Amino acid sequence: MGSKVYFVSANVPIDYIPRVPPTKWYTHSLVYQTKEMAGKLLGEIISPGDTVAVKIHFGERYTQYYIRPIYVRKVVDKTKELGGKPFVCDTLFSGGRVLYDEFGEALWSRRSLKEGLETAAMNGFTSETMGCPVIFADAPKGLKSVEFDINGTFIKKVYIAPAIAEADILLSLAHFKCHDVMSVGGALKNIGVGCQSKQGKWWIHHNAKLEIDQEKCNGCGECVSACPANAIILSNGKAQIIPEKCIDCAFCIDYCTQGAFKSRSFPDILEQEARIGEAAAGIVKFFGDKCVFINLAMDIVPLCD
Ligand code: SF4
Ligand code: SF4
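Residues numbered from 1 in each chain as written. Chains lettered and ligands numbered in written order. Predicted model: local features only at pLDDT ≥ 70, side-chain atom pairs only at ≥ 80, totals over all residues. Heavy atoms only, no water.

*Asks:* Residue-level account of unusual backbone geometry, with values.
*Replies:* Cis geometry marks the peptide bond from A139 to P140, where omega comes out at 5°. Assignment of secondary structure puts P140 in the loop between β3 (134-136) and β4 (146-149). Even without being glycine, N236 reaches a positive phi, approximately 55°. With respect to the helices, strands and loops of the structure, N236 is situated in the loop between β10 (232-235) and β11 (238-241). (Helix = DSSP H or I, 4+ residues; strand = E, 2+ residues; numbered from the N terminus.)

*Asks:* Residue-level account of the site of ligand 1, with values.
*Replies:* Around ligand 1 there are 13 residues in total, and C217, N218, C220, C223 and C256 lie nearest to it. By residue class, the composition of the shell around ligand 1 is eight nonpolar, four polar and one charged. (Near = heavy atom within 4 Å. Nonpolar A, V, L, I, M, F, W, Y, C, P; charged D, E, K, R; others polar.)

*Asks:* Lay out the site of ligand 2 with the relevant residues and their values.
*Replies:* Taken together, C227, P228, A229, I232, C246, I247, D248, C249, A250, F251 and C252 make up the full set of residues adjacent to ligand 2. Residues that form the shell around ligand 2 fall into these classes: 10 nonpolar, no polar and one charged.

*Asks:* So what's going on with the sheet that holds β3? Residues and values would help.
*Replies:* On the basis of which strands lie adjacent, the open sheet formed by five strands has the order β3-β2-β1-β6-β13 and parallel pairing. The open sheet has two edge strands, β3 and β13 (291-296), and neither has a second partner. On average, adjacent strands in this sheet sit at an angle of 25° to one another, irrespective of strand direction. As judged from the five bridges shared by strand β1 (residues 51-55) and strand β2 (residues 85-90), these two strands associate in the parallel manner. By the bridge assignment, V52 is partnered in β2 with P86. Lying over the sheet, helix α2 (residues 30-43) contacts β1, β6 (169-175) and β13, oriented at roughly 160° with respect to β13. (Pairing = 2+ DSSP bridges. Axes fitted to C-alpha atoms, helices over the stretch in contact; angles between N-to-C directions. Contact = heavy atoms within 4.5 Å.)

*Asks:* Tell me about the environment of K85, residues and numbers included.
*Replies:* As for its placement among the helices and strands, K85 is situated in strand β2. The class for K85 is exposed, based on a relative accessible area of 54%. Linking K85 and G237, residues 152 residues apart in sequence, is a C-alpha distance of 53 Å. The residues touching K85, leaving out its near neighbours within four places in the chain, are G49, D50, T51 and V52. (Buried < 20%, exposed > 50% of the residue type's maximum accessible area, 1.4 Å probe, protein only.)

*Asks:* Tell me what's going on with the packing of aromatic side chains, and back it up with residues and numbers.
*Replies:* Counted under the stated rule, the structure contains seven aromatic pairs. Summarising the aromatic geometry, the rings of Y26 and Y32 are spaced 5.2 Å apart at their centres and angled 70° between planes, so their arrangement reads as edge-to-face. You can call Y26 partly exposed: its relative accessible area is 30%. Overall, Y32 belongs to the partly exposed group, its relative accessible area being 25%. Taking the centre distance of 5.9 Å and the plane angle of 65° together, the rings of Y66 and F125 count as edge-to-face. Within this pair, whereas Y66 is found in the loop between β1 and α3 (69-81), its partner F125 is found in the loop between α4 (113-122) and α5 (127-130), the two being separated by 59 residues in sequence. Both residues of the pair, Y66 and F125, belong to the buried class. (Phe/Tyr/Trp six-rings, centres within 6.5 Å; stacked < 30°, edge-to-face > 60°.)

*Asks:* Talk me through the packing of helix α8 (residues 198-205) against helix α11 (residues 269-287); I want residue IDs and the actual numbers.
*Replies:* The geometry of α8 relative to α11 is characterised by a closest axis approach of 8 Å and an angle of 140° between their N-to-C directions. The angle between α8 and α11 falls in the class oblique. Contacts between α8 and α11 involve W203, I204 and H205 from the former and Q272, R275, I276 and A279 from the latter. Classifying every residue of the contact of α8 with α11 by side-chain character gives four nonpolar, two polar and one charged. (Parallel < 35°, antiparallel > 145°, perpendicular 65-115°, else oblique.)

*Asks:* Help me get a handle on the pairing of β1, residues and values and all.
*Replies:* The element β1 is largely enclosed, with a buried count of four among its five residues. Chirality of the crossover, the property in question, places the unit of β1, α3 and β2 among those that are right-handed. Across four bridges, the pairing between β1 and β6 is parallel. Across the sheet, the residue bridging to V54 is L171, located in β6. (Right-handed = clockwise from strand over helix to strand, strands pointing away.)

*Asks:* So, the nonpolar core: which residues are in play, and what are the values?
*Replies:* In this structure, I164, L170, I212, I232, F261 and I283 are the most contacted members of the largest nonpolar core, which totals 41 residues. Broken down by secondary-structure element, the contributors of at least two residues to this core are β2, β5 (157-160), α6 (162-166), α8, β9 (210-212), β11 and α11. When residues of this core are assigned to their parent elements, the largest contribution, five residues, is made by α11. Residues lining this core come from more than one domain, with at least three contributed by each of domain 1 (34-41 + 50-207 + 266-296) and domain 2 (210-263). Apart from residues lying up to four places away in sequence, I164 is in contact with A53, K55, C89, T91, A137, L170, C195 and F287. (Core = buried A, V, L, I, M, F, W, Y, C linked by side-chain atoms within 4.5 Å. Domains from an automatic or database assignment.)

This is the structure we're talking about:
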């Protein structure tokens, strides 16, 4: 069955305010209308006490086009008005090593919980500003998932971040924008990539497990120590991955100075988009009809936020 789709215009007629009572002046606001839309959508499925995962993207360091925090706060407020228990969440990025730039700041935005929470706070997302818990749904390291078989053409299972999987309702609040790897980002990407742990993200962007180029490996052993799954051994002075132990987290890649890790196949954009679509459909199926999607088409930029 198709979903109901609603549209809210950001266009405000010039005579809007004279037409509404003075006490309703704010109702032209897109923030207000997003809150009301969330209420309309949630109101059809929520029961008092339901836990609601408000999935957003916290943005990256030094970016400014992620969803403005006030939109998220108002969706949270509406969820609480309806008796729900919201939390705002994102997930960690693949890899695990924290590197620093020349100013001593973490180079990446969310490879570890610490840098992820710092990025979220820097961009305005804290428990205080949101009025509810602000978390990484696959904390502390992005290594744990709730696996769900979907048997798609490209994706056989999804790896849902545990805190999201435990929620009663998934509310995707996505910023629609263009993207440097995918063509666009919106609800599909916010769910298909963003609701998955590191293992799930791997299978969006790759179609084979990681391998080690034996010519490039110098046997330093850094990857052996870094691997959280004990999936790498040194044999005859070269690193070898034990595939059945590997959980596709990509920690090891960050630690190799020789560029010895190679993923055999990096699908083209169309296949990656198909993978995202399959994963998103799988996660929606996991939640049944307990999903709500809101896309904000504003501040649309050519690259990801
Ligand atoms: S970190 Fe790289 S060079 Fe060192 S053992 Fe692992 S694969 Fe080989
Ligand atoms: S070998 Fe697999 S489990 Fe170990 S760090 Fe690399 S990707 Fe992660």
